[in-house]
Amino acid sequence: MYITCKRLLWYTWLVGSAIVTFNSCQPDTAPLPYYGFHAIDAVTGDTLYHRIRDFEFIDQDSQLVTNAYFDGKIYVADFFFTSCPTICPVVKAQMMRIYEKYEADDRLLLLSHSIDVRRDTVSKLKQYAIGLGADSPRWRFVTGNRDSIYAITYDYISTALDNPDAPGGFDHSGWILLIDENRHIRAYADGTKPEKVDIFLKQIDKLLQEMENKKTDLREKSVTDGARR
Amino acid sequence: MSVRSFLFIFVLALFMGCRGDAKFSSEELEAQQSAWANMMKGHDVVMPLRNDLYQTSKELEELAQDAMVEANDFHPRAQEAIAAIIAADDGMMEWMGHIKENPLDSVRQKQIDHAAVMAFIDKETVAIESVADAMQQSLEKGKALIMERNGQ
């Protein structure tokens with residue numbers, strides 16, 4: 001009887017371990033979530049997810065940067081200021097990791113908003129970008145008027161945190177956010193924590209894969225539609 | 001100068017040069033690090049108030065706009081409160097810019113001894129405390145004015 005019980009326990013442990021191992025080896029196929037307010041379109045019944053509002057900022061090359069710059073791309077957004085002695089350098093090091101990993105991938109862009117609109121002039125942003133070794137069309141450092149910067153900060157961060165009364169200082173909290181090609185917030189991370197950014201990098205890969213899957217689906221659909229006609 | 005004297009001066013200069021890297025004892029380095037961290041803690045506590053300052057100044061701007069044609073002193077008082085908020089916020093940004101240009105490593109290199117490093121940190125600690133006071137006071141005044149206006 002004792003041997004039977006022992007053997008039963010052994011088999012249970014073995015089967016349990018096999019299930020856990022099998023599950024952990026399965027690719028995580030669940031899509032990334034959509035953060036923020038959801039509504040249902042009364043006509044189509046589609047779910048409408050929160051979209052980042054229209055924006056117009058000036059970048060380190062004195063060029064106007066609007067939503068159109070990111071059409072068909074995904075991007076990583078963050079908030080900083082050039083004279084920040086504490087959080088920003090840490091976050092920028094993590095943003096550099098993202099920039100370097102996807103440097104050759106033109107599907108991903110980076111957008112850093114300065115929250116010190118009085119001091120961070122275009123030339124300061126330019127110097128900053130050059131100093132980082134990231135003065136590239138793929139990474140825009142932008143400034144604008146105080147109200148539009150605060151409004152967009154609120155739009156990104158309080159939405160991502162799902163808290164309209166997001167805690168004070170959210171503009172200086174080190175959050176980095178992943179925005180999809182339809183301006184939806186799909187992931188965010190504390191950019192001061194490398195281990196969180198490790199996960200964020202995987203989420204970027206996942207979103208890029210999702211984009212590719214959508215393109216493949218569209219291609220297949222157009223082929224099928226063409227064949228029908 | 002004899003070869004022996006030259007060698008002596010050379011070795012002495014080398015020794016002094018090497019000693020320069022070890023300008024501070026480990027206790028002094030620890031004390032500097034701790035004072036620096038304490039100073040930065042003062043900054044971290046009030047930095048989150050920047051959003052509150054912004055929201056309060058926006059609210060005051062709107063109220064001041066409404067009160068422009070009224071025969072009372074709300075408009076100038078609101079303008080004064082907004083100016084104090086902006087000045088306090090600016091003070092924080094200026095202080096951070098100054099600290100960014102003078103990180104602890106560079107202060108250690110520039111200052112001649114431990115006392116001078118500590119004096120620098122003490123001065124900046126007083127500065128950030130003063131910035132923090134200005135931020136908190138301007139915020140309180142601004143909020144009080146909003147409550148007064150709203151009859152609360």
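Everything numeric in this text was worked out from a predicted model, so none of it was measured. (Residues numbered from 1 in each chain as written. Chains lettered and ligands numbered in written order. Predicted model: local features only at pLDDT ≥ 70, side-chain atom pairs only at ≥ 80, totals over all residues.)

> I would appreciate a short explanation of the overall build of chain B in the present structure.
Scanning chain B for helices and strands turns up six helices and zero strands. Of the regular secondary structure in chain B, the N- to C-terminal order runs α-α-α-α-α-α. Going through the 152 residues of chain B one by one, you find that 23% of them count as buried. Look at the contacts in chain B between residues 6 or more apart in sequence, and 82% of them connect residues 24 or more apart. (Helix = DSSP H or I, 4+ residues; strand = E, 2+ residues; numbered from the N terminus. Buried ≥ 20, exposed ≤ 12 C-beta atoms within 10 Å, placed from the backbone. Contact = placed C-beta atoms within 7 Å.)

> So what exactly am I meant to see when it comes to the packing of helix α2 (residues 26–46) of chain B against helix α6 (residues 114–149) of chain B here?
Two measures define how a pair of helices packs: the angle their axes make with one another and the distance between the axes. Residues and elements named next belong to chain B. Across the interface, α2 lies against α6 with an axial gap of 9 Å and an inter-helix angle of 10 degrees. Judged by the inter-axis angle, α2 sits roughly parallel to α6. On α6, the residues that touch E28, Q32, A35, W36, N38, M39, G42, H43, V45 and V46 of α2 are H114, V117, M118, I121, E124, T125, I128, E129, A132, M135 and Q136. Residue classes in the contact of α2 with α6 are distributed as eleven nonpolar, seven polar and three charged. (Axes fitted to C-alpha atoms, helices over the stretch in contact; angles between N-to-C directions. Parallel < 35°, antiparallel > 145°, perpendicular 65-115°, else oblique. Nonpolar A, V, L, I, M, F, W, Y, C, P; charged D, E, K, R; others polar.)

> Can you walk me through the packing of helix α2 (residues 87–101) of chain A against helix α5 (residues 194–228) of chain A in this structure?
All names here are of chain A. Contact geometry for α2 and α5: axes closest at 10 Å, N-to-C directions at 30 degrees. Here α2 lies roughly parallel to α5, going by the angle between them. Between α2 and α5 lies a crossing whose hand is right-handed. When α2 is examined against α5, the residues Q94, R97, I98 and K101 are found in contact with a partner set consisting of P194, V197 and L201. (Left-handed = near helix turned anticlockwise from the far one by under 90°.)

> Hey, could you run me through the nonpolar core in this one?
Within soluble globular proteins, side chains that are nonpolar generally end up buried alongside one another. Counting residues in each nonpolar core, the largest one holds 74 residues, and the members touching the most others are Y75(A), L110(A), I176(A), L177(A), L178(A) and M135(B). Dropping the residues within four chain positions of it, M135(B) is found in contact with V46(B), L49(B), L53(B), A88(B) and M92(B). (Core = buried A, V, L, I, M, F, W, Y, C linked by C-beta atoms within 7 Å.)

> How do you make sense of the sheet that holds strand β3 (residues 56–59) of chain A when you look at a structure like this?
Paired through their backbone hydrogen bonds, the strands of a sheet run either parallel or antiparallel. All names here are of chain A. Spatial ordering of the open sheet is given by β4-β3-β7-β6-β5-β8-β9, a layout of seven strands whose pairing is mixed. With one partner strand each, in any of the chains shown, β4 (64–66) and β9 (185–190) form the two edges of the open sheet. The mean angle between the axes of side-by-side strands here comes to 35 degrees, regardless of whether they run parallel or antiparallel. In this fold helix α3 (residues 122–132) packs onto β3, β6 (108–114) and β7 (139–143), with an angle of close to 150 degrees to the strand it touches most, β7. (Pairing = 2+ DSSP bridges.)

> I tried to follow the confidence of the model for chain B on my own but got confused; where do I start?
Detailed reading of the predicted coordinates is not advisable wherever pLDDT falls low. Residue and element names in this part refer to chain B. Model confidence for chain B is summarised by a mean pLDDT of 88, while 86% of its residues fall at 70 or above. Summarising per-element confidence for chain B, the mean pLDDT is lowest in helix α1 (residues 3–21) (56) and highest in α6 (96). Listed scores for the predicted complex are pTM 0.79 and ipTM 0.72. (pLDDT = per-residue confidence, 0-100.)

> Got a minute to help me understand the environment of K100(B) in this structure?
Within the fold, K100(B) resides in helix α4 (residues 74–101). In this structure K100(B) comes out as partly exposed when scored by C-beta crowding, with 16 C-beta atoms within 10 Å. When sequence neighbours within four positions are dropped, the list of residues in contact with K100(B) reads S83(A), C84(A) and P85(A).

> What is the right way to look at the pairing of strand β5 (residues 74–80) of chain A in this model?
Regular strands show a simple pattern: their side chains alternate between the two faces of the sheet. Residues and elements named next belong to chain A. Most of β5 sits inside the fold, with seven of its seven residues counted as buried. Along β5, one buried face is formed by I74, V76, D78 and F80 and the opposite face, lined by Y75, A77 and F79, is buried too. Two strands pair when backbone bridges link them, and β5 and β6 are joined in this way by seven bridges, in the parallel orientation. By the bridge assignment for β6, V76 is matched with L110. Following the backbone out of β5, through α2 and into the adjacent parallel β6, one traces a crossover that is right-handed. Bridging between β5 and strand β8 (residues 175–179) involves four bridges; their strand directions are antiparallel. Within β8, the position partnered with Y75 by the bridge is I179. (Right-handed = clockwise from strand over helix to strand, strands pointing away.)

> Help me understand α6(B), please; the structure alone is not making it clear to me.
Along an α-helix, residues three or four apart share an orientation, since each turn contains 3.6 residues. Residues and elements named next belong to chain B. End to end, α6 covers 52 Å across 36 residues, agreeing with the expected 52 Å (1.5 Å per residue, within 8%). For α6, the set of buried residues is V117, I121, E124, I128, V131, A132, M135, S138, L139, G142 and L145. Each element contacted by the buried residues of α6 is listed here: α2, α3 (49–66), α4 and α5 (104–110). Phi turns positive, to about 70 degrees, at G151, one or two residues after α6. (Expected span 1.5 Å × (residues − 1).)

> Where do I start with α2(B) in this structure?
Residue and element names in this part refer to chain B. Between its terminal C-alpha atoms α2 stretches 31 Å, which fits the 30 Å expected from 21 residues at 1.5 Å a residue. Residues of α2 that are buried include every one of Q32, W36, M39, H43 and V46, and no others. With its buried residues spanning 85 degrees around the axis, α2 presents them on a single face. Of the exposed residues in α2, the ones pointing more than 90 degrees away from its buried face are S26, E27, E30, Q33, S34, A37, N38, K41 and V45. On the buried face of α2, the contacting elements are α3, α5 and α6. (Arc of directions from axis to C-beta.)

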